[in-house]
Every structure is written in structure tokens, then in C-alpha cells.
Amino acid sequence: MLKPKWNKEYKPPASWEEMPFTGNVAGLLPTPNSGFRTLTPHFNLESCIKCMLCWVYCPEGCIDKSNETFELDRDYCKGCGICAHECPKKCIEMVRE
């Protein structure tokens, strides 16, 4: 899955005339996680059975399953909690940021 790139030099348009109405700005994030996440998942890998349901159900594709472990890409995680809800062993806890 291709993820959008974080545009660190983003400056919001000052007026409607400066609004980009072309397709070339799709996929640019003004801030990591778009700045609205209030909860973030924390993984307890000791009790994880590696069923990969969190990886399957993550709507943003933020969970990386490389090296026999799971890592969360916090720049793209929206904090929806679907991964924690679907975990059968409750290894994922949603923690307030």
C-alpha cells in the first residue's frame, strides 16, 4: 500500500485563490496523523499469539509485520482502535496521548 508523504514545508493557503485544485496535491499530509489522534495503540508483544488480525483489520495499513514482530507507524495511525478491538488476546491497549 502506498502511503502519502508528509510535507514538512506545508503552508496553508491564505485565500481561495491559493487553494490547489489539481490532482497533484493528493497524498500530502500537512502534519503527521493529521493532528487529530487522541488515542494510540500500545502492543504487549509478550502475550501476542501472532494471529495478525490487527494487521488485517487496520484500515490505514499502519501495522508492519516484519522481523516476526509488529511495529506501528505512528505518523499514519489515526487512533481508531480497530486493532485493539479485533485482538483476541487483548494485547493492544489504547492509551491517551
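These numbers come from a predicted model, not from an experiment.

### Observations concerning the state of the cysteines
Part 1 of the argument: The final tally for this structure, using the stated rule, is 0 disulfides.
Part 2 of the argument: The cysteine Cys83 is free of any disulfide, with Cys80 supplying the nearest cysteine sulfur at 6.3 Å.
Part 3 of the argument: You can call Cys83 buried: its relative accessible area is 7%.

### Things to note about the nonpolar core
Part 1 of the argument: Counting residues in hydrophobic clusters, the biggest one holds 13 residues, and the most contacted among them are Cys54, Cys62, Ile63, Leu72, Cys83 and Ile92.
Part 2 of the argument: If sequence neighbours within four positions are ignored, Cys54 has contacts with Phe43, Ile63, Phe70, Cys83 and Ile92.

### As for unusual backbone geometry
Part 1 of the argument: Located in the positive-phi region is Met52, a residue other than glycine, with phi close to 70°.
Part 2 of the argument: With respect to the secondary-structure elements, Met52 resides in the loop between strand 3 (39-43) and helix 1 (53-57).
Part 3 of the argument: In this structure Met52 comes out as partly exposed when scored by relative accessible area, which is 28%.
Part 4 of the argument: Non-glycine residue Lys90 carries a positive phi angle of around 55°.
Part 5 of the argument: The topology assignment puts Lys90 in the loop between helix 2 (82-86) and strand 6 (92-96).
Part 6 of the argument: Lys90 gets classed as exposed once you look at its relative accessible area, which sits at 55%.

### With respect to the packing of aromatic side chains
Aromatic rings considered in pairs are described by the distance between their centres and by the relative angle of their planes.
Part 1 of the argument: Scanning the entire structure with this criterion turns up 0 aromatic pairs.
Part 2 of the argument: One cation-aromatic arrangement involves Lys65 over Trp55; the distance from NZ or CZ to the ring centre is 4.6 Å.

### A short note on the environment of Arg96
Part 1 of the argument: Among the secondary structure elements, Arg96 is positioned in strand 6.
Part 2 of the argument: The exposed category is assigned to Arg96, whose relative accessible area is 62%.
Part 3 of the argument: In this structure, the C-alpha to C-alpha distance between Arg96 and Arg37, residues 59 residues apart in sequence, is 9.1 Å.
Part 4 of the argument: Beyond its immediate sequence surroundings of up to four residues, Arg96 is in contact with Thr38 and Leu39.

Thresholds applied
Residues numbered from 1 in each chain as written. Predicted model: local features only at pLDDT ≥ 70, side-chain atom pairs only at ≥ 80, totals over all residues. Heavy atoms only, no water. Disulfide = S-S within 2.5 Å. Buried < 20%, exposed > 50% of the residue type's maximum accessible area, 1.4 Å probe, protein only. Core = buried A, V, L, I, M, F, W, Y, C linked by side-chain atoms within 4.5 Å. Contact = heavy atoms within 4.5 Å. Helix = DSSP H or I, 4+ residues; strand = E, 2+ residues; numbered from the N terminus. Phe/Tyr/Trp six-rings, centres within 6.5 Å; stacked < 30°, edge-to-face > 60°. Lys NZ or Arg CZ within 6 Å of the ring centre and 35° of its normal.

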